[in-house]
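Geometric and topological summary
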Amino acid sequence: MDELDRAIVNRLQGGFPLCERPFARAALDLKIDEKTLILRIKTLLDEGVLTRFGPMYDVERMGGAFTLCAMSVPAEDFERVAALVNAHPEVAHNYERAHRFNLWFVLAASSREAIALLVEKIERETGHRVMNLPREEEYFVELRLSA
Amino acid sequence: MNPIDERIVRATQGGLPLVPAPYARIAQEVGISEAEVLERLRSMLADGRIRRIGAVPNHYALGYTANAMTVWDVDDEAAGELGAAVGALPFVSHCYRRPRRLPDWPYNLFAMVHGKSKEETKVCIEEIRMLLGAACRRHDLLYSVRILKKTGLRL
């Protein structure tokens with residue numbers, strides 16, 4: 001990552017323009033051209049510095065439901081269970097964490113009922129309990145990391 | 001959800017096309033005009049269905065290797081006020097109140113802390129502990145070991 005990559009990551013975490021040539025507009029602020037910006041973003045995605053580039057949707061405001069789930073999985077069974085969980089398209093994020101509860105994932109679905117069914121399904125498929133922790137209140141959600 | 005909005009979400013949830021006119025490309029895919037795509041995205045941004053449009057970085061790749069989910073058991077009556085205070089700390093990216101699941105899980109306040117080293121993260125966690133004071137009965141830290149999946153929303 002060079003200075004330009006850092007500037008792109010730091011300044012384009014939000015506010016990407018809604019206009020006909022958004023890359024050209026954003027490139028102007030960065031004092032580069034459209035082609036360079038597109039190429040840089042492609043490379044940052046390929047290298048895994050960025051996981052996505054585009055709109056971040058709020059599932060609940062879209063009329064859907066989401067929840068955080070945790071499982072306590074024995075080490076020898078971990079990879080199998082993680083693969084079974086990941087196979088569901090409703091699993092948006094999945095992290096391994098250093099804790100007795102070592103598998104933490106976010107489920108996004110069309111409704112609370114769909115979430116409940118999915119939790120049961122994952123329990124059946126994996127043979128392990130799923131702890132379902134839906135958010136009751138949100139205080140702050142704005143990820144702004146500096147490169 | 002409006003079926004046209006839904007088609008726009010489906011067309012963009014994996015990311016914007018990396019072409020000079022990405023919204024025109026989406027319009028083509030959805031079968032509406034570019035102006036309508038822009039109008040609908042603007043309204044989703046205005047009412048919060050879209051949080052923001054841009055780059056979603058991978059913490060690890062940016063050097064944030066000490067990412068901890070910190071969990072706290074705080075008085076229910078104080079949770080709202082304390083959650084807002086914790087959420088306002090600059091190193092906290094997400095802060096939520098969630099249900100306890102006793103006896104396995106006594107924690108009701110969750111705060112995600114991102115640091116470039118465990119030492120840095122420890123200082124941040126200590127700051128949260130001081131802020132919560134006596135209202136917090138116990139807490140725990142869950143460092144992330146690896147990302148198993150991170151795709152964002154998929155309809």
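Residues numbered from 1 in each chain as written. Chains lettered and ligands numbered in written order. Predicted model: local features only at pLDDT ≥ 70, side-chain atom pairs only at ≥ 80, totals over all residues. Heavy atoms only, no water.

1. What about the overall build of chain A?
- Helix and strand counts for chain A come out as 5 helices and 6 strands.
- When its helices and strands are written in sequence order, chain A yields α-α-α-β-β-α-β-β-α-β-β.
- Here the C-alpha atoms of chain A give a radius of gyration of 19 Å, more than 25% beyond the 15 Å that 2.2 N^0.38 yields for 147 residues.
- Reported as C-alpha extents along the three principal axes, the dimensions of chain A are approximately 55 × 35 × 25 Å.
- Across the 147 residues that make up chain A, the buried fraction comes to 52%.
- Once local pairs closer than 6 in sequence are excluded, the contacts in chain A between residues at least 24 apart make up 60%.
- Working note: accessible area of chain A is about 7,000 Å², and carbon and sulfur atoms make up 51% of it.
- For chain A, the distance from the average position of its 19 positive side-chain charges to the average position of its 24 negative side-chain charges is 4 Å. (Helix = DSSP H or I, 4+ residues; strand = E, 2+ residues; numbered from the N terminus. Rg over C-alpha atoms; globule rule 2.2 N^0.38 Å. Buried < 20%, exposed > 50% of the residue type's maximum accessible area, 1.4 Å probe, protein only. Contact = heavy atoms within 4.5 Å. Areas by Shrake-Rupley, 256 points an atom, 1.4 Å probe, with all protein chains shown as cover. Lys, Arg positive; Asp, Glu negative; His and termini not counted. Charge placed at Lys NZ, Arg CZ, Asp CG, Glu CD.)

2. Digging into the interface of chain A and chain B
- On the chain B side, the residues contacting the 71 residues of chain A number 76 residues.
- Each partner contributes to the roughly 7,100 Å² buried at the junction of chain A and chain B, and carbon and sulfur atoms together form 60% of this total.
- Interface area lost by chain A to chain B is led by A:L18, A:Y57 and A:Y139, which between them contribute 12%.
- Two residues, A:E79 and B:R146, come together in a salt bridge whose shortest N-O distance is 2.6 Å.
- Where chain A packs against chain B, one counts 36 residue pairs in polar contact (both at pLDDT 80 or more). (Buried area = accessible area lost by both parts, 1.4 Å probe. Salt bridge = Lys/Arg side-chain N within 4 Å of Asp/Glu carboxyl O. Polar contact = N/O pair within 3.5 Å; in protein donor to acceptor, adjacent residues only side chain to side chain.)

3. Let's talk about the packing of aromatic side chains
- Applying the stated rule across the entire model yields 8 aromatic pairs over all chains.
- Each ring, one from A:F101 and one from B:W105, has its centre 5.7 Å from the other, and the planes form 90°; the classification is edge-to-face. In this pair, A:F101 is assigned in the loop between β3 (91-97) and β4 (103-109) and B:W105 in the loop between β3 (92-97) and β4 (109-115), connecting two distinct chains. Here the two residues A:F101 and B:W105 agree in accessibility, since each one is buried.
- A centroid spacing of 6.0 Å and a plane angle of 40° characterise the contact between B:W105 and B:F110, whose relative ring orientation is tilted.
- Pairwise contacts between aromatic rings join A:F101, A:W104, B:W105, B:Y107 and B:F110 into one cluster.
- A cation sits over an aromatic face here: A:R97 above A:Y95, 5.2 Å from the ring centre.
- The ring of B:F110 has B:R98 lying over it, and the distance from NZ or CZ to the ring centre is 5.3 Å. (Phe/Tyr/Trp six-rings, centres within 6.5 Å; stacked < 30°, edge-to-face > 60°. Lys NZ or Arg CZ within 6 Å of the ring centre and 35° of its normal.)

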